[in-house]
Amino acid sequence: MTYAFQAEGLTKRFGETQALAGVDLAAREGTVLGVLGPNGAGKTTAVRILATLLRPDSGHAQVGGYDVLRQAHLVRQTIGLTGQYASVDEDLTGTQNLVMIGELLNLSQRDARTRAAELLQWFDLREAADRMAKTYSGGMRRRLDLAASLVGRPSVIFLDEPTTGLDPAKREEMWDVVRNVVSDGATVLLTTQYLEEADALADEISVIDRGRVIAHDTPDGLKHVVGGQRLRVRPTDPARVDDVRAILADLTSTTPEETSHHELTARVDDDSLLPALVQRISAAGITVHEFSLHLPTLDEVFLTLTGRATADDDTQEAA
Amino acid sequence: MTTTDLGAAPTPRAISAGRAAAPPRPANSVRHIVVLAKRSLIKTMRTPEALIDVTLQPIIFLGMFVYIFGGAIAGGSQHAYLQFLLPGLFGQTIAMASVALGQNLNADIEKGVFDRFRSLPIARSAPLVGAVAADVVRYLILFTVMMGVGLLMGFDVTNGWVPVLAALGLSMGFALCFGWISVFVGMIVRTSGAVQGLMFLLVLPLSFGSNTFVPVDTMPGWLQAFVKVNPITHLVGAVRGLMVGGPVQNHLLWTLLWMAILLVVFFPLALRAYRRRA
């Protein structure tokens, strides 16, 4: 089993904030590791250490078999990095951005141009190729940023929250891009705040909280731990909330929570429950505004794993 | 995003065959610096207002000092004052024009573009050296504007053109060394506004506390002490000597020494601050 990257016991402190308190991360070649956590959990710090942008206070890490501290230059020849804030040059056109990266990677000017054109085509940016990046939409900018990190055909790609701030349709587009990159043999580390995203893309997920990995599993394993899916029901008539609550409690053997106004959420582990629920609700003459299944949100995952909600507001992501 | 065109899609595996584990080579580094300098130039040319400090500003200085103060200072002759001032103004305008360098680098780092550069297998110093190298073009514009406007205002090249070109060459060299102060400040300060504030605190005393505007012997003794070690004074002395005649050698040696000091002190400081800036 060869690891494309492997980090052990990473710690990093910024002033008063212990951003990382001993983090282990690893992914086998050709797989996607999802790193799931709230703002301030240490995801970006971990990525920046693996990408040789930051030195850890202690611990060690290898990427492509190279040590991130002693062989940083070799690591940089192996990786592509797409940051949380699209790091494209706004005053340069799409083509100029990509050609510049190609030339910095020692491609000849002609090869750099060919590669830029190829990537712009692939990322649906051909028509915007000669426009300054500052005129791009958020989704286009993210795509250009990702394209820039692929210019050198890296074998390990770090994607730090590549879809944060994108609308759902654009998010799905990014997912397709990530899948294509992986199907070409690259290894990807993807940080995200959405279990849904990690579930859609990752082979394994590390959940990170306050600078520690608090769970590591396959998506299915993790979903099992956090109790499968959530069912959300909102009756048309607010007066029937209690009736719905009783039915949910009866069938799921859990205590439904009122997650928002007149809306109940219950854990559903068993797929056969759904038809039964629909039947009971319909038999009781209750009509519903909403009846939906979804994966647990990050908050729900954290509630299950740590017994508390995400510590979203007390520490900001450092750096 | 469509899934078409995957035939032409990147094949990440190719990395091992493509760019093998080559250590940074000097020839490559020079090319990286040129590529990064080109990037800075594209940005500068896209925002013409970024050239005000090397075009309009020196014109205003020249006009203002010659026509407002000239009559009063050089025994009533504006022409005589122009002969005295124009060589001197190279020092001040170079120092002023260096401020933008640190500001731009600071803004670049805040925007995250430099994260990309840091993750690439290029020398750590390449983005900084590239930005400084791009300033050669800005200074060429500055020198052209200064000489052009000076000649229009009646400046006489009394010493021949070869010494003038030598003076411009020396000014360019000094500018590229002085620029590292601005780079350093750009690395240690949080915002680009603060870069400007801090740099002006440095640039104003250096440029006015010199022999640029008036002869040094009119100043009180304590100020003369400062003026005599001020690198701008020596640059101005050398440039003035070359352009309109006068002693050159002593000022030239001091200028070259100062250039070496600025480079040896501020290049490593700037690079260290850049490395530390996470």
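Look above for the structure.
Residues numbered from 1 in each chain as written. Chains lettered and ligands numbered in written order. Predicted model: local features only at pLDDT ≥ 70, side-chain atom pairs only at ≥ 80, totals over all residues.

*Asks:* Sorry if this is basic, but what is going on with the overall build of chain B here?
*Replies:* When helices and strands are counted, chain B shows eleven helices and zero strands. In sequence order, the secondary structure elements of chain B are arranged as α-α-α-α-α-α-α-α-α-α-α. Each principal axis of the C-alpha distribution contributes one length, and for chain B these read about 80 × 35 × 35 Å. Looking at the 278 residues of chain B, the share that counts as buried comes to 44%. (Helix = DSSP H or I, 4+ residues; strand = E, 2+ residues; numbered from the N terminus. Buried ≥ 20, exposed ≤ 12 C-beta atoms within 10 Å, placed from the backbone.)

*Asks:* So what exactly am I meant to see when it comes to the overall build of chain A here?
*Replies:* Along chain A, the regular secondary structure elements total eleven helices and 14 strands. Taking the principal axes of its C-alpha atoms as reference, chain A extends roughly 70 × 45 × 40 Å. Within the span of chain A, comprising 319 residues, buried residues form 49% of the whole. Counting contacts in chain A only where the partners sit at least 6 residues apart, residues at least 24 apart contribute 68% of the total. (Contact = placed C-beta atoms within 7 Å.)

*Asks:* What is the right way to look at helix 6 (residues 168-183) of chain A in this model?
*Replies:* Since the α-helix turns once every 3.6 residues, residues separated by three or four places project in the same direction. All names here are of chain A. Taking 1.5 Å as the rise per residue, helix 6 with 16 residues should run 22 Å; its terminal C-alpha atoms sit 23 Å apart, in good agreement. Along helix 6, the residues classified as buried are M174, V177, V178, V181 and V182. Projected down its long axis, helix 6 shows its buried positions confined to an angular sector of 135°, all on one face. In helix 6, the exposed positions that point more than 90 degrees away from the buried face belong to P168, A169, D176 and S183. Buried residues along helix 6 sit against strand 3 (32-36), helix 5 (138-150), strand 7 (156-160), strand 8 (187-192) and helix 7 (195-201). The first or second residue beyond helix 6 is G185, which carries a positive phi of 105°. (Expected span 1.5 Å × (residues − 1). Arc of directions from axis to C-beta.)

*Asks:* What exactly am I supposed to notice about the sheet that holds strand 8 of chain A here?
*Replies:* Hydrogen bonds along the backbone pair up the strands of a sheet, which may run parallel or antiparallel. All names here are of chain A. What the six strands build is an open sheet, ordered 6-7-8-3-9-10; its pairing is mixed. Two strands close off the open sheet at either side, each with one partner strand: strand 6 (79-82) and strand 10 (212-217). Sheet twist, expressed as the average angle between the axes of neighbouring strands with direction ignored, equals 15°. Looking at chain direction, strand 3 and strand 8 are connected through five bridges and run parallel. Bridge pairing links V32 to V188 in strand 8. Contacting strand 3, strand 9 (204-209) and strand 10, helix 11 (residues 298-306) crosses the sheet at an angle of about 75° to strand 9. (Pairing = 2+ DSSP bridges. Axes fitted to C-alpha atoms, helices over the stretch in contact; angles between N-to-C directions.)

*Asks:* Quick question: what am I supposed to make of the nonpolar core here?
*Replies:* As a rule of thumb, nonpolar side chains are buried together in soluble globular proteins. A:A46, A:L50, A:V188 and A:L189 are the most contacted members of the largest nonpolar core, which totals 153 residues. Looking at this core element by element, the count peaks at 14 residues for helix 7 (residues 161-188) of chain B. Counting ten residues, the second-largest nonpolar core is a separate cluster that includes A:V233, A:V244, A:I247 and A:L277. (Core = buried A, V, L, I, M, F, W, Y, C linked by C-beta atoms within 7 Å.)

*Asks:* Help me out: how do you make sense of the packing of helix 2 (residues 56-73) of chain B against helix 3 (residues 78-97) of chain B in this one?
*Replies:* When two helices pack together, their arrangement is given by the angle between the helix axes and the distance between those axes. Residue and element names in this part refer to chain B. At their nearest, the axes of helix 2 and helix 3 sit 9 Å apart, and the two run at 140° to each other. Where helix 2 crosses over helix 3, the handedness of that crossing is right-handed. On helix 3, the residues that touch Q57, P58, F61, L62, F65, V66, Y67, G70, G71 and I73 of helix 2 are Q78, Y81, L82, L85, L86, L89, T93 and M96. (Left-handed = near helix turned anticlockwise from the far one by under 90°.)

*Asks:* Just checking my understanding: could you explain the environment of B:G245 for this structure?
*Replies:* All names here are of chain B. Looking at the element boundaries, G245 is found in the loop between helix 10 (231-244) and helix 11 (249-276). Each C-alpha atom of the pair G245 and P163 lies 9.2 Å from the other, and the pair is 82 residues apart in sequence. Other than its neighbours up to four places away in sequence, G245 contacts T158 and N159.

*Asks:* Would you explain the sheet that holds strand 5 (residues 66-67) of chain A in this entry?
*Replies:* Residue and element names in this part refer to chain A. Taken together, four strands build an open sheet; the order of strands is 2-1-4-5 and the sheet is antiparallel. One side of each edge strand has no neighbouring strand; the edge strands of this open sheet are strand 2 (17-28) and strand 5. In this structure, strand 1 (residues 3-14) lies alongside strand 2, joined through nine bridges in antiparallel fashion. What sits directly across from Q6, in strand 2, is A26. Helix-sheet contacts for helix 1 (residues 43-50) involve strand 1, strand 2 and strand 4 (58-63), and the interaxial angle to strand 1 is about 120°.

*Asks:* Where do I start with the packing of helix 3 of chain B against helix 7 of chain B in this structure?
*Replies:* Residues and elements named next belong to chain B. Between helix 3 and helix 7, the least distance of the axes is 10 Å, while the angle of their chain directions is 25°. By the criterion of interaxial angle, the relationship of helix 3 to helix 7 is roughly parallel. With respect to the hand of their crossing, helix 3 and helix 7 are arranged in right-handed fashion. Taking contact as the criterion, the partners of P87, F90, I94 and A95 in helix 3 are, on helix 7, A167, S171, F174, A175 and F178. Here the residues of the contact of helix 3 with helix 7 sort into eight nonpolar, one polar and no charged. (Parallel < 35°, antiparallel > 145°, perpendicular 65-115°, else oblique. Nonpolar A, V, L, I, M, F, W, Y, C, P; charged D, E, K, R; others polar.)

*Asks:* Can you walk me through the environment of A:S183 in this structure?
*Replies:* All names here are of chain A. Here S183 lies in helix 6. We classify S183 as exposed; it has 12 C-beta atoms within 10 Å. In this structure the C-alpha to C-alpha distance between S183 and E258, which are 75 residues apart in sequence, comes to 42 Å.

*Asks:* Help me out: how do you make sense of the environment of A:V75 in this one?
*Replies:* Residue and element names in this part refer to chain A. Mapped onto the fold, V75 is located in helix 2 (residues 72-76). Expressed as a C-alpha distance, the spacing of V75 and G65, which sit ten residues apart in the sequence, is 8.4 Å. Beyond its immediate sequence surroundings of up to four residues, V75 is in contact with T52, V63, G64, Y66 and V68.

*Asks:* Looking at this structure, I do not really get unusual backbone geometry. What am I missing?
*Replies:* Peptide bonds are mostly trans, and most non-glycine residues show a negative phi. All names here are of chain A. Unusually for a residue other than glycine, E161 sits at a positive phi of about 45°. Residue position: E161 is located in the loop between strand 7 and helix 6. With a phi close to 60°, H262 is a non-glycine residue in the positive phi region. In this fold, H262 is placed in the loop between strand 12 (257-260) and strand 13 (263-268). Exposure remark for H262: the 17 C-beta atoms within 10 Å place this residue in the partly exposed category.

*Asks:* Help me out: how do you make sense of the pairing of strand 7 of chain A in this one?
*Replies:* If a strand is regular, its side chains alternate between the two faces of the sheet. Residue and element names in this part refer to chain A. In terms of burial, strand 7 is a largely internal element, five of the five residues being buried. Burial along strand 7 is two-sided: the residues V156, F158 and D160 and I157 and L159 are all buried. In this structure, strand 7 lies alongside strand 8, joined through five bridges in parallel fashion. Each bridged residue has a counterpart across the sheet, and for L159 the counterpart in strand 8 is L190. Of the crossover connections in this fold, the one passing from strand 7 over helix 6 to the parallel strand 8 is right-handed. (Right-handed = clockwise from strand over helix to strand, strands pointing away.)

*Asks:* When you look at the pairing of strand 1 of chain A in this model, what are you seeing that I'm missing?
*Replies:* Residue and element names in this part refer to chain A. What sits between the antiparallel neighbours strand 1 and strand 2 is a turn of two residues, in which G15 has the positive phi angle 55°. Pairing geometry for strand 1 and strand 4, over five bridges, is antiparallel. Within strand 4, the position partnered with Q6 by the bridge is Q62.

Purely geometric stuff here, so don't read any function into it on its own.
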